[in-house]
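What follows is each chain in one-letter form.
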Amino acid sequence: MHRYSISALLAVLCFAAAAKAEIRLTGDTNAPETSMFPQGAKVELFYQVSGLQPNQGNLTLELNVVDEKEKSLKKFSLPVKADSEGRWSATVAPPCERLGFYRVYSRLSNGILLSKLASRKAGFLTYAVVFGEDRYKEYPMEETFFGNHGPSFGFHRMIGLRWGYKGKNWSVLEPEKPGEYARNPKADQIDLLGELPKWKEYYQTNQNPIPKWMEDPRYRITKNGKWVRFTPEGEKYYAEYLKTFAANYARQIRQNQVRALIQITWEPHFPWNFSGTAEDLVQIHRNAYQAIHAGTKDAWVIGPTAAGLNTLDWHRELFEAGLLKYVDAISIHPYFAFPPEQNGMVEKVRAFKALVRKYAGRDLDIHGNEAGFPTHELPERETLQMHGIVRSNLILLGEGFKSNMVFYSHDYWYEPGYGYTYNLNPKREFGTDKVAPKPLVPAIGAAAYFLNGHTSAGAIESLGDTAWGYAYQRRDGFTTLALWDYSGNSREVEIPVGRAEIELGDMMGNTRKVKTDDGTLKLTLTEDPVYVIDVDPELWGRGAIRPISPDQTKISTISGRTVTISGTLHAKKVPMNGTLLLSGDPKWKLPQMKQEFQVKAGESAAYSFRLALPGNLPEGNLPLSLKFISEGKRIAATTLLLRIKPPVAIDEILPDFRNGKKCLKIKMRELSGNETEGSLETRIVGNPDGRKRMRFRIRGGGSAEILCVYDDLEVNPLKNDDLELTVATDSGFRFKRKEKMNFLSAVYRPGIRIDGNLADWKGVPVWPFDPGMIRDEAKIYQGGKDLNASISFAWNESGLLFLVDVRDNVYCQPHTGWQTWDGDSLQMGFTRRVRYKETANMLQDKMNVAYSEIDFALTKNGPEVYRTVTFDSTRFPIAQISLKDAPLKVIKTQQPDGSTRLQYEISVPWKFLNMPSAPAAGSCIGWSMSVNDRDQQKGPRAWLEAFSLKKTKDFGILVLTK
Amino acid sequence: MKTTTFLLMLGIAAAVNGFAAPSLRLSGALAQNAENGTGFRTLDSAGITNDPATGNLLILNGGNLYEQGKDGSRKMVLKLLNTPGALCNDGKNVFIKSNQVVTRIGKVGNEWKKLHQFFLKKPYRYITIADAGTSAGFAAKGKIFALDGRDVHALSIDGKPLGIVLTLPELLNKCPYTTLAILPGSGDLLAASYYPDLKFYRFQADGTEFKKDGWPISGWVTGTAFAEGRIWGFHFAATGYSASVVKRNELPKVGKNDLYLTGIATDGKNGYYLNTSQGIKHYPAGSFEEAVERIGGSGNVKALALNGSQIVASLGNRLYGLKLDDAHDSPLSCQGNEPWRVGNGWSGESDGIVPDGKAFLVYDRKGKILWRFQPQVQGAERWVRQPETFRDLRDMAVRDGKKFFLDEGKFAGRNNLNRIDAFDADTVVVADKDSVSLIAKGREQWKTALKDIRDIAVIGAYTAVASGDSLLLLDRKDGKTVFQTPAKLEHLAAEGKWLIGSNPEKAAILRFKLVQ
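These figures come from a predicted structure and were not determined experimentally.

**Student:** I'd like a rundown of the overall build of chain A, residues and numbers included.
**Tutor:** Along the backbone of chain A there are 10 helices and 57 strands. Scored against the burial criterion, the 962 residues of chain A give a buried share of 56%. Taking contacts inside chain A between residues at least 6 apart in sequence as the whole, the part at least 24 apart equals 68%. Summed over all atoms, the accessible surface of chain A reaches about 40300 Å², with 49% contributed by carbon and sulfur.

Shown next as structure tokens:
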């Protein structure tokens, strides 16, 4: 070939290659392993572009640096001029003065985003300015709370997380046979801890993993592949091992901490991790406890390490079986729904502690060693992760937990988004060597910075109905408050701090000093906790006797009544000569009341006000303030809450059907003792047919049931609507009650048999699942062609009856048994009672509500029914249910378009709902359901959901009609 | 097949299939609270106050005075000609004051009468009246005070000029004063400044500024009124000012996002009425941030749109919002007034609004601008100018993402069309003054002759038509009238099973449900 032609050909080839090369934008920080910087360190961002045309110069690099609230802090626009190889790079100095989280949205002007890197999505990189490990003071184990769960090459130290796991376990120490370690004469020389860092940390050890040889049926009994108990021989080997291990471990770790904490089990829940009974689990702990304490007095057994705080019943069973004799402290994974306050975390923790106290006869230390929140790799969930984890840790510390470990140190692929850092090494799912922070990083670091060394000095509950906080105190008396409002709205509060000037720390750790008003701080609370640093311990410390000590900080009363506000004034070092003022928000026109006092220093005096409340106070929490004014200055103040209940209460709102029309049955009660008349208005938000007004009259102290009949109300029966009920008494009181409501009925059909002959369902209404009812966090659902379903409801003397018709483009049910929920299947939740008000008797409540969950599936073994949640494990165990007890027929047909149709004909007997026989027509059952869809054997799945399967309070109400 | 047999079979088929004729059932009236007696035509009223003698609510609307009793019943009690201004009282007398005319009204026997009226020589910036219980401070120097630049003129109750009693100090940037009041008790003069100063100042009788107890207090005060023994200042709400304003969060506040307030009155049960640009809003005790009732009419609706459950109605420059499931006396669902002006400006005039996705297309006829309006969004994205331009846009529609514009009345070869709506991206219904036609893929399918067509709207498989004194449904298939009901409606809008129509006679927006 001619030389010219060859050159030309080469040129064309090169040009073609260059033209085809993809433009790529990458970036990193000058701390590439962690992208976390101690405050004061310089931050640099490095960007590279490749794949440009040689000398290309028509693009710019657009950067937008935002904080955790997406507020733009600085923008950059850099001209991109490629070199002869089509590459370009630049260094940028972004903002870094303040502690906090920074996200840098990075893109080229032609739309190309910063490349995705492992678990970090395309389009941005992150960095954080944190305190850095040198700024965190060291405190004894008993005064250290914040910890890390997961492998870390040290980045957890930058944010002050000092608890973790350390210690070899049985599977490592005796991998081949029993006694390898226990009978080794040099066992005491085997290093169980590895090198301890110079930076002080405290450790627990998880002795749950067992060696492979222990899985032999001679040593371990299993059921469905899960642990039940050890055989006597297995127990012997376990005890032998633990005795030696505990003695050596405790001795080795003494250089680091006063005692060893040895965890025996890890989330031993049926059915995914344990198949034994409560007695089996107690026996495991008994064996371990006796062995460990025989080996050393310097180790504590901690357990049983439940998965989540919603495990009170499970704990109660274990405690009744005697577990607390065989643990020295409690360990738990305190997972909880976010936002924690609105979901009742405080109440749950207190109930848990009360349960422990009841069965142990005293309080026990409680260690949380795993709790996190998955973002599913969606940046929009990172704020919830940040707020939820920080505030739940503040709650746990405030309610008296000894420690908690934040799960997980970095993202991993199997459960996307659990990390508090991104995992930036796509080749290492666990134990990565490159991370970058999420917003939680500086926020939890700030909590650790302000509160390490502190333990709880009590909850602060009276600042307002969505305001919350705690006082925490160090051993030296230094006291810090953490306060926030979880409603999403800001709230102005006044709080006595006993200082003329006070330092405040924001959620990221930045501090500022503010002046107070004679020792009272005015603060605006938001969802971000604020730290009030070094308040007067005489006001907020443990056991502090405040100058104004109300007898009650929360008083329940009814609008229109007279309430007594009483308490004691304590004049400590100086006399209290002046006026005690009681006042409330002026918009309620509460009278301001005052009393004069002359209290000598060191003495006390009682106060009492009779406050007549107006008759039209709204239902809710009404803050009152008590201030002591002396010589024109406020020298003491406190707040308390009036919990206003309406003079007329709505006890119950239930749906009903009369003559084919949808109705509401509204039960009302008069609380003030006077006959009350007024008007009631219903509104179903967005539905004009749901608005109705009617009059009511109730005799004093009496009750009435009002029937609201809708002439022509059209609703989706498988969804809850928002119902607003407004009550206005003629005396001027007014309140609004909001509830979820649905209108769903099951028709009485004595002739239906579960036999696959669907003709007997004729005439029973069929309700389609709206495609909008899909739950698809991983965004894989492709619409009605992918999955659609409809359902019919009936009932008769044998039970509740369902006909569910599912069309699925891909039928995939690879499982049997308890895991059928994870393939194409139906999951139904039932409760016997709806809108149930819990009593203090957990067992009774449990039997009354009778909450259970049952899966229905067509497996390779045929139709299967599996109970996965039960209210009575003796009568209705978590297990497969025989089709004799719970008839199920599944008709599977292939459709012309290749999809699969599954028609499930189901009967749930009344006894499963803890009913001896069919209830009367008009009764209400709680019900919810998901139609689960899996199109591949592994990976995410989607489901259509009627109501909310995992939240019984959001279940639909199914009315039995005749 | 014989026609009779065919029709018989159709009838049988209809019976077998349960074929029911459609109808539009009247479901309710919106934006009109006439249930308790007299309703009002306009969205807002000129003013409100209490009758000091009885505490009853007095309303000035359409040049008439109305009185509302404790039972909520309302009746007209006085026709007022040549009486501009807003209502107020001084605790003893009732006045109607504008910036140039002050009228005193009262009961003579059992009848309300105009007692006295005086005209000022020129309009003043603001006029205030000292309450009858205060005789100290400035109240010793006069009864009525008029603001002219920085000068405060005093007048007697009958309008006799008493001279300038105060020249207010000059503010930075020559910021003007806009509003006055006399503080009950001390008789100090309160004067509010405009943007950017935005403060409420207090002056003692000797002219010195009172700078203690929180005064001057920052905040925009556009008007004031005396009620319940205090001065209420109006901005986005009504705030009750006291001698001390140090504890701002302890000052009573009524309302939220209520712009252009002109009056306040009590309801006799510790609640209040506010006269706002959205109508008279009732804030009962326990609900000072959420009004529970609105007194007013729909105004003269020039365009109407329904998107999901959000209704947007246009009065020209001003738009307001309602929810489909509102009651007849529900407060309007847009905040204040200013954010809902066409193009967020003061000069646009809209007579065309249609839903477009989650937003609305709004046509400003005056500016010849098409806007995309997202009421749920704040900031610059709320009003976005669209690229389309028109010579004479008569109507528009959006369906399945496709937009249809009736510019100069032309569509698919037809001229002089006034109205358009669409069943889907290929099927459109159009109307001129006396016929409705269906055009599918550019070809006319049917044409139905009617009279005096004012608007059309597609609802389900039908076209609703406001024609003459009737509301009709035409079948999509053949244009035949399948339902008719007496209703004189001007503008229609429909979504799902719901149809709304403005009724100028009732000054209401009627809501219908398609029943089949």
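Don't stop here, the text continues.
**Student:** Explain the side chain of Asp808(A) residue by residue, including any values.
**Tutor:** Residues and elements named next belong to chain A. Its place among the elements puts Asp-808 in strand E48 (residues 799-808). Despite its burial, Asp-808 pairs with no opposite charge, the nearest such side chain being Lys-892 at 9.9 Å. Within the structure, the side chain of Asp-808 is placed 3.1 Å from the backbone nitrogen of Val-810, a separation counted as a polar contact. Those residues in contact with Asp-808, other than ones at most four positions away along the chain, are Asp-786, Leu-787, Asp-824, Ser-899, Thr-900, Asp-933 and Asp-935.

**Student:** How would you explain the packing of helix H5 (residues 312-320) of chain A against helix H6 (residues 345-360) of chain A if you had to name every residue and give the values?
**Tutor:** All names here are of chain A. Running from N to C, H5 and H6 cross one another at 5 degrees; their axes reach a closest spacing of 10 Å. Relative to H6, H5 is oriented roughly parallel. When H5 is examined against H6, the residues Leu-312, His-315, Arg-316, Phe-319 and Glu-320 are found in contact with a partner set consisting of Lys-348, Ala-351, Phe-352, Leu-355, Val-356 and Tyr-359. Looking at side-chain class alone, the contact of H5 with H6 contains seven nonpolar, one polar and three charged residues.

**Student:** Kindly report on the sheet that holds strand E28 (residues 319-323) of chain B, identifying the contributing residues and their values.
**Tutor:** Residues and elements named next belong to chain B. Here three strands make up an open sheet; going across it, the order is E26-E27-E28 and the pairing antiparallel. Bordering the open sheet on either side are strand E26 (303-307) and E28, each of which pairs with just one other strand. Shown here is a sheet whose adjacent strand axes are inclined to one another by a mean of 20 degrees, direction ignored.

**Student:** So, H5(A): which residues are in play, and what are the values?
**Tutor:** For the α-helix, the turn length of 3.6 residues means that residues three or four positions removed from each other point alike. Of the positions making up H5(A), those classed as buried are Leu312(A), Trp314(A), His315(A), Arg316(A), Leu318(A) and Phe319(A). Just downstream of H5(A) lies Gly322(A), where phi reads positive at about 100 degrees.

**Student:** I'd like a rundown of the confidence of the model for chain A, residues and numbers included.
**Tutor:** A residue-level look at chain A finds 97% of positions with pLDDT of 70 or above and a mean pLDDT of 92. Scored below 50 in pLDDT, residues 1-8 of chain A shows two contacts in the model against residues more than four places distant or in partner chains.

**Student:** How would you sum up the interface of chain B and chain A? Please name residues and give values.
**Tutor:** Contacts between the two partners involve 28 residues from chain B and, on the opposite side, 25 residues from chain A. Interface area for chain B against chain A, summed over the two sides, is near 2100 Å², with a carbon-plus-sulfur share of 43%. When residues of chain B are sorted by the area they lose upon contact with chain A, Glu250(B), Gly286(B) and Asp325(B) head the list and together hold 24% of the total. Linking chain B with chain A are 10 salt bridges, by the criterion used here. Across the pair Asp329(B) and Arg693(A) runs a salt bridge whose closest N-O atoms are separated by 2.9 Å.

**Student:** Could you give an account of the sheet that holds strand E1 (residues 24-29) of chain A, naming the residues involved and the relevant values?
**Tutor:** All names here are of chain A. With respect to topology, three strands assemble into an open sheet ordered E1-E3-E6, the strand pairing being antiparallel. With one partner strand each, in any of the chains shown, E1 and strand E6 (88-92) form the two edges of the open sheet. Across the sheet, the mean angle separating the axes of adjacent strands is 15 degrees when strand polarity is ignored. As defined by bridge partners, strand E3 (residues 45-50) adjoins E6 across five bridges and the pair is classed as antiparallel. Each residue of the ladder has a partner; that of Phe-46, found in E6, is Thr-91.

**Student:** Any details on the packing of aromatic side chains? Residues and values, ideally.
**Tutor:** Residue and element names in this part refer to chain A. In total, this model carries 69 aromatic pairs over all chains according to the counting rule given. Aromatic pair Phe-450 and Tyr-531: ring centres 4.7 Å apart, planes at 35 degrees, arrangement tilted. With Phe-450 in helix H8 (residues 440-451) and Tyr-531 in strand E28 (residues 530-535), the pair connects residues that are 81 residues apart, well separated along the chain. Looking at Phe-450, the relative accessible area reads 8%, which means it is buried. Residue class for Tyr-531 comes out buried when judged on its relative accessible area of 0%. Members of the aromatic cluster, each reached through a chain of ring pairs, are Trp-170, Tyr-181, Trp-213, Tyr-219, Trp-227, Phe-230, Tyr-237, Tyr-238, Tyr-241, Phe-245, Tyr-249 and Phe-274.

**Student:** Provide a residue-level description of the pattern of salt bridges, including the pertinent values.
**Tutor:** Per the counting criterion, the structure on display carries 91 salt bridges over all chains. Between Glu399(A) and Arg350(A) there is a salt bridge; the shortest N-O distance is 2.9 Å. One end of the pair, Glu399(A), is in the loop between helix H7 (382-398) and strand E18 (403-407); the other, Arg350(A), is in helix H6, and 49 residues separate them in sequence. Glu399(A) sits in the buried class, given a relative accessible area of 8%. Accessibility expressed as a relative area gives 32% for Arg350(A), which makes it partly exposed. A salt bridge links Asp469(B) to Lys488(B); the nearest nitrogen and oxygen atoms lie 4.0 Å apart. Residue Asp469(B) is found in the loop between strand E40 (462-467) and strand E41 (470-475), and its partner Lys488(B) is found in the loop between strand E42 (481-486) and strand E43 (492-495); the two are separated by 19 residues along the sequence. Judged by relative accessible area, which is 53%, Asp469(B) ranks as exposed. One continuous salt-bridge network, built from bridges that share partners, spans Asp689(A), Asp712(A), Glu714(A), Arg25(B), Lys497(B) and Lys513(B).

**Student:** Tell me about the pairing of strand E6 (residues 86-89) of chain B, residues and numbers included.
**Tutor:** Every other side chain in a regular strand lies on the same face of the sheet, so the side chains alternate between the two faces. Residue and element names in this part refer to chain B. The side-chain alternation of E6 yields two buried faces, one formed by Ala-86 and Cys-88 and the other by Leu-87 and Asn-89. By the bridge criterion, four bridges tie E6 to strand E7 (residues 94-97) in an arrangement that is antiparallel. Following the sheet pairing, Cys-88 is matched in E7 by Phe-95. Count of turn residues in the E6/E7 antiparallel hairpin: four residues, of which Gly-91 carries a positive phi of about 95 degrees.

**Student:** So what's going on with unusual backbone geometry? Which residues, and what values?
**Tutor:** Negative phi is the rule for most residues except glycine; trans is the rule for most peptide bonds. Of the consecutive residues Gly303(A) and Pro304(A), the connecting peptide bond is found in the cis state with omega at -5 degrees. Along the polypeptide, Pro304(A) turns up in strand E15 (residues 299-307). Going from Phe407(A) to Tyr408(A), the amide bond is cis rather than trans, its omega being 5 degrees. One non-glycine residue with positive phi stands out, namely Asn270(B), at about 65 degrees. Structurally, the position occupied by Asn270(B) is in the loop between strand E22 (263-266) and strand E23 (272-276). Asn270(B) gets classed as partly exposed once you look at its relative accessible area, which sits at 38%.

Parameters at a glance
Residues numbered from 1 in each chain as written. Chains lettered and ligands numbered in written order. Predicted model: local features only at pLDDT ≥ 70, side-chain atom pairs only at ≥ 80, totals over all residues. Heavy atoms only, no water. Helix = DSSP H or I, 4+ residues; strand = E, 2+ residues; numbered from the N terminus. Buried < 20%, exposed > 50% of the residue type's maximum accessible area, 1.4 Å probe, protein only. Contact = heavy atoms within 4.5 Å. Areas by Shrake-Rupley, 256 points an atom, 1.4 Å probe, with all protein chains shown as cover. Lys, Arg positive; Asp, Glu negative; His and termini not counted. Salt bridge = Lys/Arg side-chain N within 4 Å of Asp/Glu carboxyl O. Polar contact = N/O pair within 3.5 Å; in protein donor to acceptor, adjacent residues only side chain to side chain. Axes fitted to C-alpha atoms, helices over the stretch in contact; angles between N-to-C directions. Parallel < 35°, antiparallel > 145°, perpendicular 65-115°, else oblique. Nonpolar A, V, L, I, M, F, W, Y, C, P; charged D, E, K, R; others polar. Pairing = 2+ DSSP bridges. pLDDT = per-residue confidence, 0-100. Buried area = accessible area lost by both parts, 1.4 Å probe. Phe/Tyr/Trp six-rings, centres within 6.5 Å; stacked < 30°, edge-to-face > 60°.

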